[in-house]
Number of protein chains: 2
Amino acid sequence: MTATVIDGKAFAAKVRGQVAEHVARLKEEHGITPGLAVVLVGEDPASQVYVRSKGKMTVECGMNSYEHKLPIDVSQEELYALLAKLNADPAVHGILCQFPVPAHLSETDIVAQIDPAKDVDGLHVINAGLLASGQKTLVSCTPLGCLMLLRDHLGSLSGKSAVIVGRSNLVGKPVAQLLLQDSCTVTIAHSRTKDLADVVRGADIVVAAVGRPEMVTGDWIKPGATVIDVGINRIDAPEKGLKEDGSVKTRLVGDCDYASCAEVAGAITPVPGGVGPMTIACLLANTVTACCRANGLAEPEGLTV
Amino acid sequence: MTATVIDGKAFAAKVRGQVAEHVARLKEEHGITPGLAVVLVGEDPASQVYVRSKGKMTVECGMNSYEHKLPIDVSQEELYALLAKLNADPAVHGILCQFPVPAHLSETDIVAQIDPAKDVDGLHVINAGLLASGQKTLVSCTPLGCLMLLRDHLGSLSGKSAVIVGRSNLVGKPVAQLLLQDSCTVTIAHSRTKDLADVVRGADIVVAAVGRPEMVTGDWIKPGATVIDVGINRIDAPEKGLKEDGSVKTRLVGDCDYASCAEVAGAITPVPGGVGPMTIACLLANTVTACCRANGLAEPEGLTV
């Protein structure tokens, strides 16, 4: 058996297309343009790339993008003052602070400053609580992306057994909540799990989110299962030769050993090109959702939980 | 094999004893007396019994009990004004509103009015969010009671496979969070789960919280497993004959068929006398915890998560 490849890149483009349609309708019918504010502290090169990419896609979907770049030594007071201003700004429907931030700032405390209704990263403790109690919330982007891919590929998830490998607050736990809400039988496995391979082998749906390169191998997978690989790990790839500076070239791999898993699974997300592209698409979807809620309008269909 | 009976009544008395010791120390060393405020709307007889019982045990542990009885037609504004007063009162460390409330009031909205730091029932969305993200919180009483019984009986729960039958916000989901935090491999099963008996049969720890009388039978239980029965169901007991008014007598049963489960399990909680008595004990424990936190003192050992 060779697994169907779940093309996250194509699906993310489709989601962005839906976002753009909703945005066009909001403008036309209500004169409202959703706006996303991104706050970047310091000049970390990777963060700059992410922020640029988010801003570009925000604008491509017809939304307003507000970028706020703060110096690396910005005081907590100045940062919080900016967040308070964005909370109060009716043109801003979504706010995110690009992490990591310098060590003198606390990520938890920063998130707590953001209005939960504008927390499009879905990180605020109130949003975690709403998710945990099955209420309307803003769901963090990677878990939402996993759910969208699964719903798109499988249709109803009701009654399916799902094993989530990894119990992080950012991915494992919220994915578990979402799949439970969609009536999967949900198992959360982790480093302390005994007979992990056996546990995973029982699953119709496997979500790997541990951050260990190629840990899940094909013999762990039930034939025909759907595998969602959230891991993005950079490993040495000596077969690709050396870089100009003499160091070994690298490549990205997931938490699943793609080759062996793809032989057994019914469907699998590749890395890169699987879950990764969904993250920004879901950020844009959340911004539209937040905008609709702020204006008392119906939720954008297909873009929320 | 005949299961060890987990005596929740005796363990709850022990917990109340620990609470009383902590309270005595708080008084002696810091001149602080923890206080629990209970709000009762209307005159539901069962609720009156619960409130009286809570008040009595609060006082027996050396704490102050404040009972507020409001008429059944109390307005939302009056109720919220009382809650605001209790939130602001430094002598009150825990607040709970006895549910159910009359239909013109919303339980969710009432809980949202209570300061999360005084929400000793652990129902506030912020407390759910803190639990979901593994932070310090006040955990609702029945789930906390289940965890205490399991820790007392099994010691470390790390690596054990736990199946929770039932996904309610009040019990199933918070129990899952707690057992995950204690490093169990956690499965949440429910009405849509396929082969439920098979799933339960894989568990070292079974927590039954569905509210269906005697649903889990002995053939679902792995030999030696620990079974925590959260259900409290009243069923007809014609074998006990008739009441004075001619109706059939009743008895309380759990979600597990006790007789057949006790033949297979290693340990099991009875109904009544298992999880039930732990609920009030944990309410008192939470009140001491909230009091210590409010005063910047160390958490009472063994009474929190």
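All values derive from a computational prediction rather than experimental measurement. (Residues numbered from 1 in each chain as written. Chains lettered and ligands numbered in written order. Predicted model: local features only at pLDDT ≥ 70, side-chain atom pairs only at ≥ 80, totals over all residues. Heavy atoms only, no water.)

## As for the overall build of chain A
Applied cut-off: Secondary structure follows DSSP: runs of H or I at least 4 residues long count as helices, runs of E at least 2 residues long count as strands, and numbering of each begins at the N terminus. Every radius of gyration here is taken over C-alpha atoms, with the globule rule written as 2.2 Å times N^0.38, N being the number of residues. Only heavy atoms matter for contacts: two residues are in contact if any of them lie within 4.5 Å across the pair. Exposure was quantified through the Shrake-Rupley algorithm and a 1.4 Å probe, taking into account, for residues, occlusion by the shown protein chains and nothing else. For the charge count, each Lys or Arg is scored as positive and each Asp or Glu as negative, with His and the chain ends excluded. A charge is said to be at NZ when it belongs to Lys, at CZ for Arg, at CG for Asp and at CD for Glu.
When helices and strands are counted, chain A shows ten helices and eleven strands. Computed over C-alpha atoms, the radius of gyration of chain A comes to 20 Å, within 12% of the 19 Å expected from 2.2 N^0.38 for 305 residues, which places it in the range of a compact globule. Principal-axis analysis of the C-alpha atoms places the extent of chain A at approximately 55 × 50 × 35 Å. Of the contacts made within chain A by residues no fewer than 6 positions apart, 68% connect residues no fewer than 24 positions apart. Accessible surface for chain A amounts to roughly 12900 Å². Of this, 52% is attributable to carbon and sulfur atoms. Side chains of chain A give 27 positive and 34 negative charges; the mean places of these two sets differ by 2 Å.

## Quick look at the relation of the copies chain A and chain B
Put simply, the rule reads: Here the copies are matched by least squares. The fit uses the C-alpha atoms of residues with pLDDT of at least 70 in both.
After a rotation of 180° and a shift along the axis of 0.0 Å, chain A superposes on chain B with an RMSD of 0.0 Å. Here the transformation between the copies is reduced to the relation of a two-fold axis. Judged by C-alpha distance, Gly 129 of chain A is the residue of chain A that lies nearest the rotation axis, at 1.7 Å. Comparing contact sets, 100% of the residues at the interface of chain A also lie at the interface in chain B, consistent with an isologous, same-surface contact.

## Things to note about a positive patch on the surface
Heads up, the rule is: Nonpolar side chains (Val, Leu, Ile, Met, Phe, Trp, Tyr) within 5 Å and like charges within 9 Å form the patches, drawn only from residues with over 30% relative accessible area and no salt bridge. By definition, a salt bridge exists where a carboxyl oxygen of Asp or Glu is found within 4 Å of a side-chain nitrogen of Lys or Arg. For each residue, the accessible area found with a 1.4 Å probe, counting protein chains only, is set against the maximum for its type, and the residue is called buried under 20%, exposed over 50%, and partly exposed in between.
Taken together, the side chains of Arg 234, Lys 240, Lys 243 and Lys 249 of chain A present a region of like positive charge at the surface. By relative accessible area, which is 57% here, Arg 234 of chain A ends up exposed.

## A look at the pattern of salt bridges
All names here are of chain A. This model, assessed by the stated rule, comprises 16 salt bridges over all chains. Between Lys 222 and Asp 204 there is a salt bridge; the shortest N-O distance is 2.8 Å. One end of the pair, Lys 222, is in the loop between strand E7 (205-208) and strand E8 (226-229); the other, Asp 204, is in the loop between helix H8 (196-201) and E7, and 18 residues separate them in sequence. For Asp 204, a relative accessible area of 24% translates into the label partly exposed. Residues Glu 299 and Arg 293 are paired through a salt bridge, measuring 2.7 Å at the closest nitrogen-oxygen approach.

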